[in-house]
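For reference, the chains in residue letters:
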Amino acid sequence: MSVTTAPPPAPETSARFNPITPISRALTWLVSRYLPDPLIFAIILTVLTFGFAWWLTPSSPVDLVRMWGNGFWNLLAFSMQMALVLVTGHALASSEPVRAVMGRVASIARTPAQGVMLVCFAAAVTNVVNWGFGLVVGAMFAREVARRVPKSDYRLLIASAYIGFMTWHGGFSASVPLVAATKGNPMEKTVGLIPISDTIFTTYNVGITLALIVVLPLICWMMHPKANEVVAVDPALLKPEPSTKRVLGPDASPAEKLEESRILGFVVAALGIAYLFLHFQAKGFDLNINTVNLIMLVAGLILHGTPMAYARAVANAARGTAGIMVQFPFYAGIQIMMEHSGLGGLITNLFVDIANKETFPVLAFLSSGLINFAVPSGGGHWVVQGPFIMPAAQQLGVDLGKAAMAIAYGEEWMNMAQPFWALPALAIAGLGVRDIMGYCATALVITLPIFLIGLYF
């Protein structure tokens, strides 16, 4: 992506300094030099997981090869779901009404620093509602702010959208507490069901999540570079996508009239709305990745007007799914090697064995963060860590809800150093992982006390 450097700053701008600046600069330099492309990162993690599992567990190389191959395609359904998160969200956000709304909200920001704060705040709040929705909307909103606010640092805007993702496991779509409360989950026979009143709706979770919503935008504001260091995107690359609507002439064929018929689009939308009504009536406010994708698809059809207009928007969005399609299978293979070889349990037990009742949640959190490099999935963490964390918590008399949330927090926190979930946002933005991960790593360091204090006290 073409970028341009902003003009030299005024003297008072260049004098601005805050304690986060040197941390951000150091981590950005480190990441830009040493963090490889996400695909290479996934391949290196595959090799490391294979090597450590061979070294530390009874599994033979042949066993590990079988595990890796058998698990390689286990995330096909999930990969498709994530591709649809990107495609349906991008298509919805590219509709004229949504672009207009985002433009009005983006106009609230008057300066580049205010822009990154606004993006991070919006992403943090929407991720509490639903992580898939927040991940896509945050990136699209960051692009809109970049269009509206001159001399914005485009890298930091997109990083701010991803940093807002750190709130998701304290919100309504948090996979670990929702799975722990669901009948038939892998840990039900061991520790029973853990109601969400003991996880999502606890005082400490509300406190940690609210603290993140307040602190994360401030971190992004403090990381904003001086005016002469801003990396701004070429404005030509931020132009809104061309309208997907097609005006038919008087000599249009019956097939073309059918393709551009609003009636067909509204029929499908009505069918989707009817299903969503029945779903929420039966299950309450059950927002999962499938319902979110359906909501975004139905809304996109309505706002684009015709089936083919929507199809053209989807075609524009689908170009960004390459990373998801190629990299997710590698993480599926890594997850199965971690789970079936026992390596994940071995790593977890290294932390659990030195814990007492007071320190257990903190050590479980740190072990979850380490596991997240190889298993960047909340549901995957419950499968890999639950069998070790939860019985140990029960034996020590630790609150089971807090033990489950420690697993969840470690996953969401370490996402700032693991580029797996950044792929949809980067695809929308047209950036590479090295453009944003230095900022994300800074947020990782600065927010650690929030989780430690919340879990310990």
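Cut-offs applied
Residues numbered from 1 in each chain as written. Predicted model: local features only at pLDDT ≥ 70, side-chain atom pairs only at ≥ 80, totals over all residues. Heavy atoms only, no water. Core = buried A, V, L, I, M, F, W, Y, C linked by side-chain atoms within 4.5 Å. Buried < 20%, exposed > 50% of the residue type's maximum accessible area, 1.4 Å probe, protein only. Helix = DSSP H or I, 4+ residues; strand = E, 2+ residues; numbered from the N terminus. Contact = heavy atoms within 4.5 Å. Salt bridge = Lys/Arg side-chain N within 4 Å of Asp/Glu carboxyl O. Polar contact = N/O pair within 3.5 Å; in protein donor to acceptor, adjacent residues only side chain to side chain. Patch = residues over 30% accessible without salt bridge, like charges linked within 9 Å, V, L, I, M, F, W, Y side chains within 5 Å. Areas by Shrake-Rupley, 256 points an atom, 1.4 Å probe, with all protein chains shown as cover. Disulfide = S-S within 2.5 Å. Axes fitted to C-alpha atoms, helices over the stretch in contact; angles between N-to-C directions. Parallel < 35°, antiparallel > 145°, perpendicular 65-115°, else oblique. Left-handed = near helix turned anticlockwise from the far one by under 90°. Nonpolar A, V, L, I, M, F, W, Y, C, P; charged D, E, K, R; others polar. Arc of directions from axis to C-beta. Phe/Tyr/Trp six-rings, centres within 6.5 Å; stacked < 30°, edge-to-face > 60°.

This next bit is on the nonpolar core. Of all hydrophobic cores here, the largest spans 120 residues; its most connected members are Phe360, Met390 and Ile436. Looking at which element gives the most residues to this core, the answer is helix H21 (residues 400-414), with 10 residues. Other than its neighbours up to four places away in sequence, Met390 contacts Met187, Val191, Ile194, Trp382, Leu400, Ala403, Ala404 and Ile407.

Turning our attention to the environment of Asp286. Relative to the helices and strands, Asp286 resides in the loop between helix H14 (262-283) and helix H15 (289-304). For the pair Asp286 and Ser107, spaced 179 residues apart in the sequence, the C-alpha separation amounts to 33 Å. Among all residues touching Asp286, those that are not within four sequence positions of it are His279, Phe280 and Thr291.

Per the counting criterion, the structure on display carries 4 salt bridges. Of the charged contacts in the structure, one is a salt bridge between Glu144 and Arg147, with a shortest N-O distance of 2.7 Å. In this pair, Glu144 and Arg147 both sit in helix H8 (residues 131-148), 3 residues apart, roughly one turn of the helix. With a shortest N-O distance of 3.1 Å, Glu144 and Arg148 are connected by a salt bridge. Highlighted residues: Glu144 and Arg148, both in helix H8, separated by 4 residues, approximately one helical turn. The class of Glu144 is buried, set by a relative accessible area of 4%. A single network of salt bridges, built from pairs that share partners, joins Glu144, Arg147 and Arg148.

The next point concerns the side chain of Asn372. Here Asn372 lies in helix H19 (residues 360-372). Looking at Asn372, the relative accessible area reads 0%, which means it is buried. At a separation of 3.4 Å, a polar atom in the side chain of Asn372 contacts the main-chain carbonyl oxygen of Glu411. In contact with Asn372, not counting residues within four places along its chain, are Ser377, His381, Glu411, Met414, Asn415 and Gln418.

Moving on, we get to a nonpolar patch on the surface. Together, Ile40, Ile43, Ile44, Val47, Leu48, Phe52, Trp55, Leu56 and Leu346 make up a nonpolar patch on the protein surface, roughly 830 Å² of accessible area in all. The dominant element in the nonpolar patch, judged by the number of residues it contributes, is helix H3 (residues 38-56), at 8 residues. If you trace the backbone, Leu346 turns up in helix H18 (residues 343-352).

Attention shifts here to the state of the cysteines. Each disulfide consists of a covalent bond between the sulfur atoms of two cysteine residues. A full pass over the atoms with the stated rule returns 0 disulfides. Residue Cys220 stays outside any disulfide, its sulfur separated by 3.7 Å from that of Cys120, the closest cysteine. Distance from the sulfur of Cys440, which forms no disulfide, to the nearest cysteine sulfur (Cys220) is 8.4 Å. Of the residues examined, Cys440 reaches a relative accessible area of 0% and is grouped as buried.

Of note, His90 is situated in helix H5 (residues 76-93). By relative accessible area, His90 is classed as buried at 8%. Spatially, the C-alpha atom of His90 lies 36 Å from that of Gly401, the residues being 311 residues apart in sequence.

Attention now moves to the packing of helix H7 (residues 112-129) against H8. At a closest axis distance of 8 Å, the pairing of H7 and H8 adopts a crossing angle of 165°. The orientation of H7 with respect to H8, classified from their angle, is roughly antiparallel. Judged by the sense of rotation from one axis to the other, the crossing of H7 with H8 is right-handed. On the side of H7, the interface is formed by Gly115, Leu118, Val119, Ala122, Ala123, Thr126 and Asn127, while H8 contributes Trp131, Phe133, Gly134, Leu135, Gly138, Phe141, Ala142 and Val145. Here the contact of H7 with H8 is composed, by residue class, of 10 nonpolar, 5 polar and no charged.

All right, on to unusual backbone geometry then. The backbone of Lys151 shows a phi angle near 65°, a positive value even though the residue is not glycine. If you trace the backbone, Lys151 turns up in the loop between H8 and helix H9 (154-163). Given a relative accessible area of 52%, Lys151 falls into the exposed group.

All of the buried residues in helix H4 (residues 61-71) are Leu64, Met67 and Gly71. Down the axis, H4 shows its buried residues gathered within 60° of arc, on one side only. Seen from the buried face of H4, the exposed residues on the opposite side, beyond 90 degrees, are Arg66 and Asn70. Looking at the buried residues of H4, the elements they touch are H3 and helix H17 (322-341).

This structure, assessed with the given rule, holds 18 aromatic pairs. Seen in terms of ring centroids, Tyr162 and Phe165 are 5.8 Å apart; in terms of plane orientation they differ by 20°. Their pairing is stacked. Looking at Tyr162, the relative accessible area reads 1%, which means it is buried. Overall, the relative accessible area of 1% leaves Phe165 in the buried class. When the ring of Phe365 is compared with that of Trp413, the centres are 5.1 Å apart and the planes differ by 40°; the resulting orientation is tilted.

This brings us to H9. Here H9 lies mainly inside the structure; 10 of its 10 residues are buried. Taken together, the buried positions of H9 are occupied by Tyr154, Arg155, Leu156, Leu157, Ile158, Ala159, Ser160, Ala161, Tyr162 and Ile163. Looking at the packing, one finds that the buried side of H9 touches H7, H8, helix H12 (203-223), strand E2 (231-233), helix H22 (422-429) and helix H23 (437-456).

For the rest of this paragraph, the subject is the packing of H12 against H21. The contact between H12 and H21 brings their axes to 11 Å, and the two run at 20°. Taken together, the axis directions place H12 and H21 in an arrangement best described as roughly parallel. Viewed along their axes, H12 and H21 form a crossing whose handedness is right-handed. Residues Tyr204, Asn205, Ile208 and Leu212 of H12 touch H21, and the partners they reach there are Gly401, Lys402, Met405, Tyr409 and Glu412. A per-class count over the contact of H12 with H21 returns 5 nonpolar, 2 polar and 2 charged.

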